[in-house]
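Below are the chains, spelled out letter by letter.
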Amino acid sequence: MAMVQRQQKKPAAKPRLTAEDWADAALTAIGEGGLAAVAVEPLAVRLGTTKGSFYWHFANRDALIEAALNRWSEIHTEGMITEVEAEPDPRQRIRLLFGEAIASAASDPLEVALLATASHPQVTEVLRRVTERRVAYVAELFAELGFPEPEARRRGLLAYTVYLGHTQLGHAVPSALPAADEFGAYLDEALDVLMMR
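The following refers to the structure shown. (Residues numbered from 1 in each chain as written. Predicted model: local features only at pLDDT ≥ 70, side-chain atom pairs only at ≥ 80, totals over all residues. Heavy atoms only, no water.)

**Some details on the packing of aromatic side chains**
Consideration 1: Applying the stated rule across the entire model yields six aromatic pairs.
Consideration 2: Their ring planes at 65 degrees and their centres at 5.9 Å tell us that Phe142 and Phe147 sit as a pair that is edge-to-face. For the pair shown, Phe142 and Phe147 are each scored as buried.
Consideration 3: Taken together, the ring pairs in this structure connect Trp22, Phe54, Tyr55 and Phe58 into an aromatic cluster.
Consideration 4: Above the plane of the ring of Phe147 lies Arg197, whose end atom (NZ or CZ) is 4.2 Å from the centre. (Phe/Tyr/Trp six-rings, centres within 6.5 Å; stacked < 30°, edge-to-face > 60°. Buried < 20%, exposed > 50% of the residue type's maximum accessible area, 1.4 Å probe, protein only. Lys NZ or Arg CZ within 6 Å of the ring centre and 35° of its normal.)

**Thoughts on the side chain of Arg155**
Consideration 1: Tracing the sequence through the fold places Arg155 in helix H8 (residues 149-172).
Consideration 2: Look at Arg155 and you get buried, because its relative accessible area is 15%.
Consideration 3: Leave out the neighbours within four places in its chain, and Arg155 touches Phe142, Phe147, Val193, Leu194, Met195, Met196 and Arg197. (Helix = DSSP H or I, 4+ residues; strand = E, 2+ residues; numbered from the N terminus. Contact = heavy atoms within 4.5 Å.)

**Topic: helix H4 (residues 61-84)**
Consideration 1: End to end, H4 covers 34 Å across 24 residues, agreeing with the expected 34 Å (1.5 Å per residue, within 8%).
Consideration 2: Considering bend angle alone, the principal kink of H4 is centred on Glu74 and spans about 30 degrees.
Consideration 3: Of all the residues in H4, the buried ones are Leu64, Ile65, Ala68, Leu69, Trp72, Ser73, Thr77, Met80, Ile81 and Val84.
Consideration 4: Of the surrounding elements, those touching the buried residues of H4 are helix H1 (19-33), helix H2 (40-47), helix H3 (51-57), helix H5 (90-107), helix H6 (110-116) and helix H7 (121-144).
Consideration 5: Taking the backbone nitrogen of Asp62 as reference, a side-chain oxygen 3.2 Å away marks Asn60 as the first, capping residue of H4. (Expected span 1.5 Å × (residues − 1). Bend = angle between axes of the 7 residues up to and from the residue. Polar contact = N/O pair within 3.5 Å; in protein donor to acceptor, adjacent residues only side chain to side chain.)

**Some words on the packing of H7 against H8**
Axis angle and axis distance: for two packed helices, these are the angle between their axes and the distance between the axes, and together they describe the pair.
Consideration 1: At their nearest, the axes of H7 and H8 sit 7 Å apart, and the two run at 125 degrees to each other. Viewed along their axes, H7 and H8 adopt a mutual orientation that is oblique. You can see that H7 and H8 cross each other, and the crossing is right-handed. Facing H7, whose interface residues are Thr131, Arg134, Val135, Ala136, Val138, Ala139, Phe142 and Ala143, H8 presents Ala152, Arg153, Arg155, Gly156, Leu157, Ala159, Tyr160 and Tyr163.
Consideration 2: Counted by class, the contact of H7 with H8 contains eleven nonpolar, two polar and three charged residues. (Axes fitted to C-alpha atoms, helices over the stretch in contact; angles between N-to-C directions. Parallel < 35°, antiparallel > 145°, perpendicular 65-115°, else oblique. Left-handed = near helix turned anticlockwise from the far one by under 90°. Nonpolar A, V, L, I, M, F, W, Y, C, P; charged D, E, K, R; others polar.)

**Examining the nonpolar core**
Consideration 1: Core analysis: the biggest nonpolar cluster contains 26 residues, and Trp22, Ile30, Val38, Leu43, Leu64, Trp72 and Leu114 have the highest contact counts within it.
Consideration 2: Where this core is concerned, the elements lending two or more residues are H1, H2, H4, H6 and H7.
Consideration 3: Among the elements that take part in this core, H1 stands out by supplying seven residues, more than any other.
Consideration 4: Other than its neighbours up to four places away in sequence, Leu43 contacts Trp22, Ala25, Ala26, Ala29, Val38 and Leu64.
Consideration 5: By size, the runner-up hydrophobic cluster in this structure holds 24 residues, among which are Ile94, Phe142, Ala152 and Leu194. (Core = buried A, V, L, I, M, F, W, Y, C linked by side-chain atoms within 4.5 Å.)

Structural measurements only, silent on function.
Structural data, given as C-alpha cells:
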C-alpha cells in the first residue's frame, strides 16, 4: 500500500504592519476614548500582533501619538485640501470643503476628542498647526472670491469657527442641528452669509 503524503499547508503569512497601521489604530483609539486610550497592548490586540511590532516602528508611546497626530493632520487637512482643489470655482470649493469636513466630523468623533485634549502638549502643537493651515486655506478661497486680504483672513477665521461650533454641537447635542434632508439648504445659507459682500 502506497503511503500518501499530505502536504501541510503553511498558514498564510500575515502582512507586516506599518507605522501607518499603528498610527491609524491609535487614531481610532483616540476617537473612541481620547489620548488615554492609546496603549500599546490593547492596540496590539486590535491589530492582531505583538508589542514587538510596535517597538519595531516606535521608540515609545509618545512617538506613536506624534505619528498618529501627524497622520490625522495629513488626512483630514492636507488630504481634504487636495481633494477640493480639483474644483475650479472657489465658491464651489468652499461649499465642497465645508460639506466634506462637516460630514467627516459628524461620522468620526476624532476631532472632538482631540479638541477635548487640547491642553496636552502634543495635541496643542498639532491643533495650532492644523488650525493655522485650515484658516489660511479658507482665507485663500475668500481672497479668490475678491475679498481683500485682511477681510479674507477674518472671513476664513469666522468660517472655521462656524465649522468648529457645528462640529462640537453635532457631538454634544445632535438634535439641535438640521435633519439630513435640510442640511444642504442649511449649509448653503450659512455659506451665503459668510460670502456676502
